Amino acid sequence: MLRLDRIDSTLRSAWVATEFKDRDLERKLQALTDAGIEWLRETIKAHGWPGHRLVGRSGAAAAWRLIQHAECSLAFQKRCLKLLRDAAARGDVPLQQVAYLTDVVRMREGKKQLYGTKFRKVKGELVPYPIEKEASVDSRRKELNLPSLAAYARKLRRAFQPS
């Protein structure tokens, strides 16, 4: 899983640099993701969510990144979110991971995100996708040990919109 995660990171960075236009990179990422999802399905079936105790911190983070980026079935992502919440409640994964996957699932359901973890470019600037009750987003973010939305936006813009 860790090797798959490293390759994914390299390919995903290159794909982002093309502003998601390189179809060959997209196909390679999809094949890699499909293999990772198969691993995740088998792991969950045999052991439950792959948290720190099962696969170590790096492996658990890799599993979380995988399910967050995967274009797999929504039902499977929702199941993973439940398992991830349970793992976070046990202290087996960081609580912040729940926020990111919650936003992915909600957006796939056609709902607004709760935590403001997902951004897009609008007129050349990174802005969050619509957020439910945006005025209270920072209190929800704080509950899951996330920085304020403004601080997170600054970090993303520094990383992906260098001046």
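Residues numbered from 1 in each chain as written. Predicted model: local features only at pLDDT ≥ 70, side-chain atom pairs only at ≥ 80, totals over all residues. Heavy atoms only, no water.

A. Here's a closer look at the packing of helix H4 (residues 74-89) against helix H5 (residues 96-108). For the pair H4 and H5, interaxial distance at closest approach is 10 Å and the crossing angle is 155°. Looking at the two axes, H4 sits roughly antiparallel to H5. Where H4 crosses over H5, the two elements pack in a sense that is left-handed. When H4 is examined against H5, the residues Leu 74, Gln 77, Lys 78, Cys 80, Leu 81, Leu 84, Arg 85 and Ala 88 are found in contact with a partner set consisting of Gln 97, Val 98, Leu 101, Thr 102, Val 104, Val 105 and Arg 108. When grouped by side-chain class, the residues that make up the contact of H4 with H5 number nine nonpolar, three polar and three charged. (Axes fitted to C-alpha atoms, helices over the stretch in contact; angles between N-to-C directions. Helix = DSSP H or I, 4+ residues; strand = E, 2+ residues; numbered from the N terminus. Parallel < 35°, antiparallel > 145°, perpendicular 65-115°, else oblique. Left-handed = near helix turned anticlockwise from the far one by under 90°. Contact = heavy atoms within 4.5 Å. Nonpolar A, V, L, I, M, F, W, Y, C, P; charged D, E, K, R; others polar.)

B. Representation of the packing of aromatic side chains. This structure, assessed with the given rule, holds three aromatic pairs. Taken together, a centroid distance of 5.7 Å and an interplanar angle of 75° make the contact between Phe 119 and Tyr 152 edge-to-face. Residue Phe 119 is found in strand E1 (residues 119-122), and its partner Tyr 152 is found in helix H7 (residues 149-160); the two are separated by 33 residues along the sequence. Through a chain of ring-to-ring contacts, the aromatic side chains of Trp 64, Tyr 100, Phe 119 and Tyr 152 assemble into a single cluster. Across the ring face of Phe 76, the terminal group of Arg 41 is positioned such that the distance to the ring centre comes to 4.1 Å. (Phe/Tyr/Trp six-rings, centres within 6.5 Å; stacked < 30°, edge-to-face > 60°. Lys NZ or Arg CZ within 6 Å of the ring centre and 35° of its normal.)

C. The side chain of Gln 113, seen in detail. Take Gln 113: it is sitting in the loop between H5 and E1. Engagement of the side chain of Gln 113 in a polar contact is seen with the backbone nitrogen of Thr 117, the distance being 3.0 Å. A polar contact of 3.0 Å, which involves the side chain of Gln 113, links it to the backbone oxygen of Tyr 129. Discounting chain neighbours no more than four positions away, the residues touching Gln 113 are Asp 103, Arg 106, Met 107, Lys 118, Pro 128, Tyr 129, Pro 130, Ile 131 and Glu 132. (Polar contact = N/O pair within 3.5 Å; in protein donor to acceptor, adjacent residues only side chain to side chain.)

D. Quick look at the pattern of salt bridges. Tallied over the full model, the rule gives eleven salt bridges. Between Arg 53 and Asp 92 there is a salt bridge, and its shortest N-O distance comes to 3.2 Å. Placement of Arg 53 in helix H3 (residues 52-69) and of Asp 92 in the loop between H4 and H5 is noted, with a sequence separation of 39 residues between them. By relative accessible area, Arg 53 is classed as exposed at 61%. For Arg 90, the salt bridge goes to Asp 92, with nearest N and O atoms at 3.9 Å. You can call Asp 92 buried: its relative accessible area is 5%. One salt-bridge network, held together by shared partners, links Asp 24, Arg 27 and Lys 28. (Salt bridge = Lys/Arg side-chain N within 4 Å of Asp/Glu carboxyl O. Buried < 20%, exposed > 50% of the residue type's maximum accessible area, 1.4 Å probe, protein only.)

E. Up close: H7. Helix length check: H7, at twelve residues, gives a terminal C-alpha distance of 16 Å against a target of 16 Å (1.5 Å per residue), a fit within 8%. Taken as a whole, H7 has its buried residues at Leu 149, Tyr 152, Ala 153 and Leu 156. Down the axis, H7 shows its buried residues gathered within 100° of arc, on one side only. H7 presents Lys 155 and Arg 158 as exposed residues on the side facing more than 90 degrees away from its buried surface. Those residues of H7 hidden inside the fold are in contact with H5, E1, strand E2 (125-128) and helix H6 (137-143). (Expected span 1.5 Å × (residues − 1). Arc of directions from axis to C-beta.)

F. Molecular detail of the state of the cysteines. Taken as a whole and judged by the stated rule, the model has zero disulfides. A disulfide-free cysteine, Cys 72 has its sulfur positioned 6.7 Å from the sulfur of Cys 80, the nearest such atom. Cys 72 sits in the buried class, given a relative accessible area of 12%. The buried category is assigned to Cys 80, whose relative accessible area is 0%. (Disulfide = S-S within 2.5 Å.)

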